[in-house]
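Observations on chain architecture
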Amino acid sequence: MIVDAMQAGKHVICENHLRVIRARRRQGADRQARPKALMYERVLEEMESTRAAIGKTGRLFMYAEDWIYAPAVTKTVEILGATKDKILFMKGEESHSGSHAAHAAQGP
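Below is a short write-up of the structure. (Residues numbered from 1 in each chain as written. Predicted model: local features only at pLDDT ≥ 70, side-chain atom pairs only at ≥ 80, totals over all residues. Heavy atoms only, no water.)

1. Some words on the overall build of the protein chain
We apply this condition: Starting at the N terminus, helices and strands are each numbered in turn, a helix being any DSSP run of H or I of at least four residues and a strand any DSSP run of E of at least two. For every residue, the accessible area (1.4 Å probe, protein chains only) is compared with the maximum for its type, and the residue is labelled buried under 20%, exposed over 50%, or partly exposed between those bounds. Pairs of residues are marked as contacts when any of their non-hydrogen atoms sit within 4.5 Å. Per-residue and other accessible areas follow the Shrake-Rupley method at a 1.4 Å probe size, with only the shown protein chains counted as cover for residues.
Per the secondary structure count, the protein chain includes 3 helices and 2 strands. The order of helices and strands in the protein chain, counted from the N terminus, is α-β-α-β-α. Scored against the burial criterion, the 108 residues of the protein chain give a buried share of 14%. Contacts spanning at least 24 positions in sequence make up 68% of the contacts within the protein chain whose residues lie at least 6 apart. Here the protein chain has roughly 9,200 Å² of accessible surface; of this, 55% comes from carbon and sulfur atoms.

2. Regarding unusual backbone geometry
Only a minority of non-glycine residues have a phi that is not negative, and only a minority of peptide bonds are not trans. Notably, lysine 84 is not glycine yet its phi reads approximately 55 degrees, a positive angle. Checked against the element boundaries, lysine 84 lands in the segment after α3 (71-83).

3. Digging into the environment of lysine 10
One can find lysine 10 in the loop between α1 (2-7) and β1 (12-15). As for lysine 10 and arginine 59, which are separated by 49 residues in sequence, their C-alpha atoms are 6.7 Å apart. Ignoring sequence-local partners within four residues, the contact set of lysine 10 consists of Ala5 and Arg59.

4. Side note on a nonpolar patch on the surface
Inclusion rule: Exposure above 30% relative accessible area and no salt bridge define the residues that can form patches, which grow by joining like charges within 9 Å and nonpolar side chains of Val, Leu, Ile, Met, Phe, Trp and Tyr within 5 Å. Any Lys or Arg side-chain nitrogen located within 4 Å of an Asp or Glu carboxyl oxygen qualifies as a salt bridge.
Among the surface-exposed residues, Ile13, Leu60 and Met62 lie close enough to one another that they form a single nonpolar patch of about 290 Å² accessible area. Along the chain, leucine 60 falls in the loop between α2 (36-57) and β2 (61-64).

5. Observations concerning the pattern of salt bridges
The final tally for this structure, using the stated rule, is 3 salt bridges. Glutamate 46 is the salt-bridge partner of arginine 42, the closest N and O atoms lying 2.8 Å from each other. Pair noted here: arginine 42 and glutamate 46 are both in helix α2, with a separation of 4 residues, about one helical turn. The partner of glutamate 78 in a salt bridge is lysine 75, with the nearest N and O atoms 3.4 Å apart. Of this pair, glutamate 78 and lysine 75 both sit in helix α3, 3 residues apart, which is roughly one turn of that helix. Judged by its relative accessible area of 43%, lysine 75 falls in the partly exposed class.

6. Overview of α3
Filter applied, for reference: Helices are assigned an expected span. That span is 1.5 Å times one less than the residue count.
Over its 13 residues, α3 extends 18 Å from the first C-alpha to the last, a length consistent with the 18 Å expected when each residue adds 1.5 Å. Following α3 by one or two positions, lysine 84 has its phi on the positive side, about 55 degrees.

7. Here's the deal with the side chain of glutamate 46
Inclusion rule: Any pair of N or O atoms that falls within 3.5 Å is considered a polar contact. Within protein, one atom must be able to donate a hydrogen and the other to accept it, and sequence-neighbouring residues count only if both atoms are side-chain atoms.
Classification of glutamate 46 as buried rests on a relative accessible area of 5%. Within the structure, glutamate 46 has its side chain in polar contact with the side chain of arginine 42 (distance 2.8 Å).

8. A short note on the nonpolar core
Convention followed: Put simply, buried Ala, Val, Leu, Ile, Met, Phe, Trp, Tyr and Cys residues joined by side-chain atoms within 4.5 Å make one nonpolar core.
Residues Ile2, Met6, Val12, Cys14 and Ile54 constitute the largest nonpolar core, which totals 5 residues. Elements with a contribution of two residues or more to this core: α1 and β1. Excluding anything up to four places from it in sequence, cysteine 14 contacts Ile2, Phe61, Met62, Tyr63 and Ala64.

Laid out in structure tokens, this is it:
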């Protein structure tokens, strides 16, 4: 979809998650049966082909995060709702150490 949009002359902002592993379940293979190393190799292959295709379009490919549920944003919304005030200046930062899902700790 990314490459199709860019080839159609559109700039693309890809929000979390940039998913490159095609759903193999459609092909009858169970996700749990695939070795992580094989999945990782597939991701690298697809990312490289996607990068090459994007590079040929001359369009911008940008990545964005959805901050709507970040604690600082939800607290700001709460304060604005309670005070009926407006934002004059806002600066924030959000970071994390990666996925907290159990399977994310297992390498390829």
